[in-house]
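# Coordinates in review
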Amino acid sequence: MLAVSFVTFWLVGNSPIDPVQANVGQVAYTTMSPDRREQLAERWDADTPVLERYAAWLGDAVRGDFGESLRYNEPVVTVVAERFASSVALLAASWLIAGVVGTTLGVVAGVRSGSVLDRMVRGYCYVLSATPTFWLALVALMIFSVYLGWFPLGFSVPIGSTGEVSIWVRLHHIVLPALVLSLTGIANVALHTREKTLDVMATDYVRLARARGEGARSIVLRHGLRNLIIPALTLQCAQISEIFGGSILVEQVFSYPGLGQAAVTAGLGGDAPLLVGIALASAALVFAGNTLANVLYGLVDPRLRGEVAHVE
Amino acid sequence: MTSMMDTRGDYELRHRHAHVDDEAHHHHTHADGSHHHGGHHLLAVEHLSVSFSMYDPAASYFAARKVVVPVIRDLSVSVHEGEVLAVVGASGSGKTLLADSILGLFEPNARVEGSIWFDGERCSSADLARLRGRGVSLVPQSVTHLDPLMRVGDQVVGAATGSRRRERVERMRRLFERYGLKPEVERLYPHELSGGMARRVLLMCALIDEPRLIVADEPTPGLDLELAIRALDDLRAFASSGGGVLLITHDLELALSVADRVAVFKDGTVVEETSCASFNDPEKLRHPFSRALWHAMPEHDFAADADGCAPRGDAPCSADAAPAGGVLGPISAARSDSRGGGTENEPCRR
């Protein structure tokens, strides 16, 4: 966490962006009096060396104060929480779709390796994992929103609407970005799962199961899934960061007001406190994912449980 | 099975006539205990050839063409009821492929010729697949053949539901008792078993299906002779109660101690199938390679090149030495198996 915050801070501090110029806009900047510029620069501490600013930020941060966002004029915690809340549905939806569909396709392709189905799955996966997410998002927007008009062009609520919006409308806005975001995830998960399935199908215990007359279905259900859970869990938890990274691009394309979009704004605006806040939040998310995976391993795999019952 | 060499009538005809035990028939001679129950062998493998169609491994990557690599050629071997037949050959010479063929476990690129008879019926590969766990059972080599994430008891019981499952659980409990495993062992995972327990569990996985033939593929890796013989007592008892055992091993001494008959496996085929008693007297061995093996045993002079024929090294012992069989490793001398699972009571941890 310390390293993440420091690196982020240092990068923003050394970027050539002048926070004053970036935040008030080009026109306002040129028409602004030098006094006013000075005033703003002082408010945003633009002239203080990076290390000094970092030390000040760190001092506050350990006491729970993560500073104020320059762009949104609100405490960082509030901005991150707000953005996270609107992102979380999008992230969770695409994470689940990628996990469930990807694992299923991977297992099926691995069990029937060499079949037409396997070749189709593999073809899909290679094409999809070689496709940039933002391009895919643009194509999806063109086809489904512009030509077919099935889904809205962007944002999380209809443009211009204020106040309460029904959950269905929100879901309607989430579908397309979530699908696009999960597409590449599916390819990733399916390819990895397929490899693992091939490994499992080649093991000695599957050979013995076949030699005992178990059918393919029974082998997959009794031995295959059991032994695939652990790699699948690892993959799912690693996928959190993938999805999160992808969401920055996708949210940008769909103008979806989530954490990813806020990160872009913060980066371009030289908004160090907000960017560090977002970086910390996402790092925490990924750490949580990996910890969860470790805890689940212990539950699934008896070999990783501490105590070993020994009967002779 | 692409081509069938033998017709059923021919096979039965030969068995209707009693033959003198010393006389070679079906490419083998009998031991004292061998008998033809119901007028046929429990298992008869005749003229089995298995080859693989693959890209030439010797050629460079892009120039490689498909070649057919023979692994087993014209192999015949028979198991009678009530006997242990040991197939003895060097490690990595294709013996496991023989086990796979009997179980009908063929790779997609395998080409199989010849015929396999089980209990008087000639079997297609679909028949062989049906016999798995219903007549023919495999006892594999090591604990890696158990699912690491499943409790041992569930694995012995196998895939079954409902009343069939309850019946098998009963049978599993009786087997546990018979083989001296405590009921707690049921709840253990494979990594918690000692080597000896794992071996018994693997045997029980076969016995619970009440097979008539057990194919045991190197079931005692890494055990010294005495322990290995003791570990094979259970298979011996199974044979004595009327079952048949095909024991695959690289260890001639072990084979001679537990088996009734020995099939000498070399370069993908069985060069001689004879009773263990024949190994008391090299004059009774017909094939020069069997004689060379006899001479290579520790208690006989170690004369590796007796009969002008080296059992190790690749000097061809007979005119029909196949190019694919490769170097014959030392058979009786090599007791430590690299895939071995530790000594009798040492728990195997992976």
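Small disclaimer: the values here were computed from a predicted structure and weren't measured.

Rules of the game
- Residues numbered from 1 in each chain as written.
- Chains lettered and ligands numbered in written order.
- Predicted model: local features only at pLDDT ≥ 70, side-chain atom pairs only at ≥ 80, totals over all residues.
- pLDDT = per-residue confidence, 0-100.
- Contact = placed C-beta atoms within 7 Å.
- Core = buried A, V, L, I, M, F, W, Y, C linked by C-beta atoms within 7 Å.
- Buried ≥ 20, exposed ≤ 12 C-beta atoms within 10 Å, placed from the backbone.
- Helix = DSSP H or I, 4+ residues; strand = E, 2+ residues; numbered from the N terminus.
- Pairing = 2+ DSSP bridges.
- Axes fitted to C-alpha atoms, helices over the stretch in contact; angles between N-to-C directions.
- Nonpolar A, V, L, I, M, F, W, Y, C, P; charged D, E, K, R; others polar.

Attention shifts here to the confidence of the model for chain A. Looking at chain A, the pLDDT average stands at 77 and 76% of residues meet or exceed 70. Segment residues 307-312 of chain A: pLDDT under 50, and 9 contacts once partners within four positions in sequence are set aside and those in other chains are kept.

Here we come to the confidence of the model for chain B. Residues and elements named next belong to chain B. Predicted confidence across chain B gives a mean pLDDT of 76, with 75% of residues reaching 70 or more. Low pLDDT (under 50) marks residues 1-22, which in the prediction has 27 contacts with non-local residues, meaning those over four places away or in another chain. Model confidence for the complex: the whole-complex pTM is 0.71, and ipTM, which rates the interface, is 0.73.

What follows covers the nonpolar core. Grouped together as the largest cluster of nonpolar side chains are 124 residues, with contacts concentrated most on Leu85(B), Val87(B), Val201(B), Val215(B), Val245(B), Leu246(B) and Leu247(B). Considering every element that reaches this core, the biggest residue donor is helix α9 (residues 167-201) of chain A, with 12 residues. Setting aside residues no more than four positions away along its own chain, Leu85(B) makes contact with Val79(B), Val245(B), Leu246(B), Leu247(B), Ala259(B), Asp260(B), Arg261(B) and Ala263(B). Grouped together as the second largest cluster of nonpolar side chains are 14 residues, Ile248(A), Ala262(A), Val276(A) and Ala279(A) included.

So, on to the sheet that holds strand β4 (residues 110-118) of chain B. Residue and element names in this part refer to chain B. The sheet built from 4 strands is open, its strands ordered β2-β1-β4-β5 with antiparallel pairing. Lying at the two open borders of the sheet, with one neighbouring strand each, are β2 (66-79) and β5 (121-123). With direction set aside, neighbouring strand axes in the sheet form an average angle of 15 degrees. Examined bridge by bridge, strand β1 (residues 43-55) and β4 share 8 bridges and lie antiparallel to one another. Within β4, the residue paired with Ser49 across the bridge is Glu113.

What follows is about unusual backbone geometry. Residue and element names in this part refer to chain B. Notably, Asp119 is not glycine yet its phi reads approximately 55 degrees, a positive angle. Structurally, the position occupied by Asp119 is in the loop between β4 and β5. A tally of 19 C-beta atoms within 10 Å means that Asp119 is categorised as partly exposed. One non-glycine residue, Glu210, adopts positive backbone phi at about 45 degrees.

Residues and elements named next belong to chain A. Mapped onto the elements of the fold, His192 is located in helix α9. Sequence separation between His192 and Gly110 is 82 residues, and the spatial gap between their C-alpha atoms is 9.9 Å. Discounting residues that sit within four places of it in the chain, His192 has contacts with Gly106 and Leu235.

Between chain A and chain B, the residue contacts involve 22 residues of the former and 27 residues of the latter. When contributions to the side of chain A that touches chain B are tallied by element, the ones reaching two or more residues are α10 (204-211) and α11 (216-253) of chain A. A per-element tally of the side of chain A that touches chain B places α10(A) first, with 6 residues. For the side of chain A that touches chain B, the per-class residue count stands at 7 nonpolar, 5 polar and 10 charged.

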